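# Chains, contacts and geometry: an overview
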Amino acid sequence: MLTLLKRDLYLALYSSSSFFYTSSFFALILIILPFLFGINDVQLQVLFKGIIWIGLSLSILLTMERIFNADYEDGNLDIILQQNPSIEIVIISKYISHWIVYCLPLFIVLPMLSFLFDISFDNIFLIFLNLFFGSFGMVFIVTFVSALTLGAKRTIFLKAIIVIPLFIPFLIFGTNLESWPILLALSMMSFVLSMYVSAYGLRLYVE
Amino acid sequence: MNELKIEDLTCYRGDKLVLKDLNMKLKSGDSLVIRGSNGSGKTTLLRVLSNFIKSYNGKILFNDHNVLDDANYRNCFNFVGQKNSLKDNLSVKNNLKLWEIIYKKNIFYSKLLEDFNISHLMERDVASLSDGQKKCISLLRLNLTESKIWYLDEPFVFLDEENSQLLIQKIRNFNNKNGIVIITSNINLHNTFTNEIKI
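Residues numbered from 1 in each chain as written. Chains lettered and ligands numbered in written order. Predicted model: local features only at pLDDT ≥ 70, side-chain atom pairs only at ≥ 80, totals over all residues.

### Observations concerning the overall build of chain B
- The helix and strand inventory of chain B stands at five helices and nine strands.
- Starting at the N terminus, the α and β elements of chain B follow one another as β-β-β-α-β-β-β-α-α-α-β-α-β-β.
- The C-alpha atoms of chain B give a radius of gyration of 17 Å, which matches the 16 Å a tight globule of 199 residues would have.
- Taking the principal axes of its C-alpha atoms as reference, chain B extends roughly 50 × 35 × 35 Å.
- The proportion of buried residues among the 199 residues of chain B is 38%.
- A sequence separation of at least 24 residues applies to 70% of the contacts in chain B between residues at least 6 apart. (Helix = DSSP H or I, 4+ residues; strand = E, 2+ residues; numbered from the N terminus. Rg over C-alpha atoms; globule rule 2.2 N^0.38 Å. Buried ≥ 20, exposed ≤ 12 C-beta atoms within 10 Å, placed from the backbone. Contact = placed C-beta atoms within 7 Å.)

### Overview of helix 11 (residues 180–206) of chain A
Residue and element names in this part refer to chain A.
- Between the first and last C-alpha of helix 11 there are 37 Å, a value that for 27 residues agrees with the 39 Å anticipated at 1.5 Å per step.
- Taken together, the buried positions of helix 11 are occupied by Trp180, Leu183, Leu186, Ser187, Ser190, Ser194, Ser198, Gly201 and Leu202.
- Its buried side turned inward, helix 11 meets helix 7 (87–102), helix 9 (121–148) and helix 10 (156–174). (Expected span 1.5 Å × (residues − 1).)

### Considering the packing of helix 1 (residues 2–14) of chain A against helix 7 of chain A
Residue and element names in this part refer to chain A.
- Look at helix 1 against helix 7: their axes get within 9 Å of each other, and the N-to-C directions meet at 30 degrees. As judged from the angle between their axes, helix 1 and helix 7 are roughly parallel. Relative to helix 7, helix 1 is oriented so that their crossing is right-handed. When helix 1 is examined against helix 7, the residues Leu4, Leu5, Asp8, Leu9 and Ala12 are found in contact with a partner set consisting of Val90, Ser93, Ile96, Ser97, Ile100 and Val101.
- Here the residues of the contact of helix 1 with helix 7 are counted per class, giving eight nonpolar, two polar and one charged. (Axes fitted to C-alpha atoms, helices over the stretch in contact; angles between N-to-C directions. Parallel < 35°, antiparallel > 145°, perpendicular 65-115°, else oblique. Left-handed = near helix turned anticlockwise from the far one by under 90°. Nonpolar A, V, L, I, M, F, W, Y, C, P; charged D, E, K, R; others polar.)

### Description of the sheet that holds strand 6 (residues 77–80) of chain B
All names here are of chain B.
- Strand order in this open sheet of five strands is 6-7-8-3-9, and the pairing throughout is parallel. Lying at the two open borders of the sheet, with one neighbouring strand each, are strand 6 and strand 9 (196–198). Each strand axis lies, on average, 15 degrees off the axis of its neighbour in the sheet, ignoring direction.
- With three bridges joining them, strand 3 (residues 31–35) and strand 9 adopt parallel strand pairing. Bridged to Arg35 within strand 9 is Lys198. (Pairing = 2+ DSSP bridges.)

### Side note on the nonpolar core
- Among the nonpolar cores identified, the biggest contains 94 residues, and Leu56(A), Met138(A), Val139(A), Val142(A), Tyr151(B) and Val181(B) are the most heavily contacted of them.
- Ranked by residues supplied to this core, first place goes to helix 9 of chain A with twelve residues.
- Shared between two domains, this core takes at least three residues from each, and those domains are domain 1 (1–76 + 147–199) and domain 2 (83–144) of chain B.
- Setting aside anything within four residues of it in sequence, one finds Tyr151(B) in contact with Leu46(B), Leu49(B), Ser50(B), Phe77(B), Phe79(B) and Ile182(B). (Core = buried A, V, L, I, M, F, W, Y, C linked by C-beta atoms within 7 Å. Domains from an automatic or database assignment.)

### What to know about the sheet that holds strand 5 (residues 65–66) of chain B
All names here are of chain B.
- Pairing within the open sheet is antiparallel, and its four strands lie in the order 2-1-4-5. Of all strands in the sheet, those with a lone pairing partner are strand 2 (16–27) and strand 5, marking the two edges.
- In this fold helix 1 (residues 42–49) packs onto strand 1 (3–13), strand 2 and strand 4 (57–62), with an angle of close to 125 degrees to the strand it touches most, strand 1.

### Topic: the confidence of the model for chain B
Residues and elements named next belong to chain B.
- With 98% of its residues at a pLDDT of 70 or more, chain B shows a mean pLDDT of 87.
- Between the elements of chain B, mean pLDDT differs from a low of 77, seen in strand 9, to a high of 92, seen in strand 7 (residues 149–153).
- For this predicted complex, the interface confidence reaches an ipTM of 0.83, while the overall pTM sits at 0.86. (pLDDT = per-residue confidence, 0-100.)

### Remarks on helix 7 of chain A
- For helix 7 of chain A, with 16 residues, the first-to-last C-alpha span of 22 Å sits near the 22 Å given by 1.5 Å per residue.
- Three or more residues of helix 7 of chain A are buried, namely Ile87(A), Val90(A), Ile91(A), Ser93(A), Lys94(A), Tyr95(A), Ser97(A), His98(A), Val101(A) and Tyr102(A).

### Quick notes on the confidence of the model for chain A
- When the pLDDT values of chain A are averaged, the result is 87; 99% of them are 70 or greater.
- For chain A, helix 3 (residues 33–37) of chain A is the element with the lowest average pLDDT, namely 79, and helix 7 of chain A is the one with the highest, namely 92.

### What about the domain arrangement of chain B?
Residues and elements named next belong to chain B.
- By the assigned domains, chain B splits into domain 1 (1–76 + 147–199) and domain 2 (83–144).
- Each of domain 1 and domain 2 has a C-alpha centre, and the two are 24 Å apart.
- Of the residues lining the interface, ten residues belong to domain 1; the matching set on domain 2 comes to seven residues.
- Looking at the side of domain 1 that touches domain 2, the element that brings in the most residues is helix 5 (residues 161–176), giving four residues.

Here you go:
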């Protein structure tokens, strides 16, 4: 698993833009907020808690093609599956690498953006916790959708139609600052579902 | 001495019968060219032999072990498919670095590229290379494992005369070291490799 993880992280490092894509996208969504809704502090703070989840959802959704499809398109998936006898290990390493490459940078820009919106430290911490547990669950979801739609070209809208409804519970509970245990539970359920369906999707490709 | 035996291999893709009652036996040092029209099942056969496709009837035995039950079989072969396994947005060197990680092997980049006389491409982005150059780099994966069998899916496509000869020499050298090679091809290689079947 470590080999595959290392390979995915190096791949992201060599195509250096990967680390900045989602964080820049995420930051831009939040920065345009005051232009849309004015500069009323209280209003912005309320909107901030919701918009970060929209930003996170879109960031994860837009990068889902890179989980399996990029390796499938160029033939690297065959090498990965030949070198790794366990499909489950391939899937777990993809969860971790995708989270590190596309979600972790969001946590780096989030404190700076929170200060822009005058969010208190206590609230930033709770938002962090929510996003941390929620983002894992969302990565689990896009991974299994990515595995299931492997090889289907130009289907980003179809994937979005499948993924967005599954994100709704995360969005509902994510905006409530005290609900990180529920997000943790949702992520654990997503993990179980995702492992099973992703393995099925990959086996379908192999077969 | 290694032996690859295929007994009564039948494989369906969906409802379509692709391979029917295929039997063959290859020993160390043998090469086999599989010819057939588009869609005849050449790639499917290689994917079955590489254990990517596991739902089939019949038996594939490598040194008398059924490949479906043999966990070590995946280390015994090298499969080079029609896709190049290269990341277009990276340089050739960075692609080789990724292979280095996944194959857990130190690679001397320029020495490896010298195989097809392409060491000058090391710093070039893969996206800027011709299909033939990409194919040459892709075939360099054959050097990265100590395998006993090579499965090559249309390896001569896009290769010019000079590189085709280099590849033929590479295959012969592998045969001389007791390697087994199975090649699928649309082109006639009868003058180069004597064993040929049509499917």
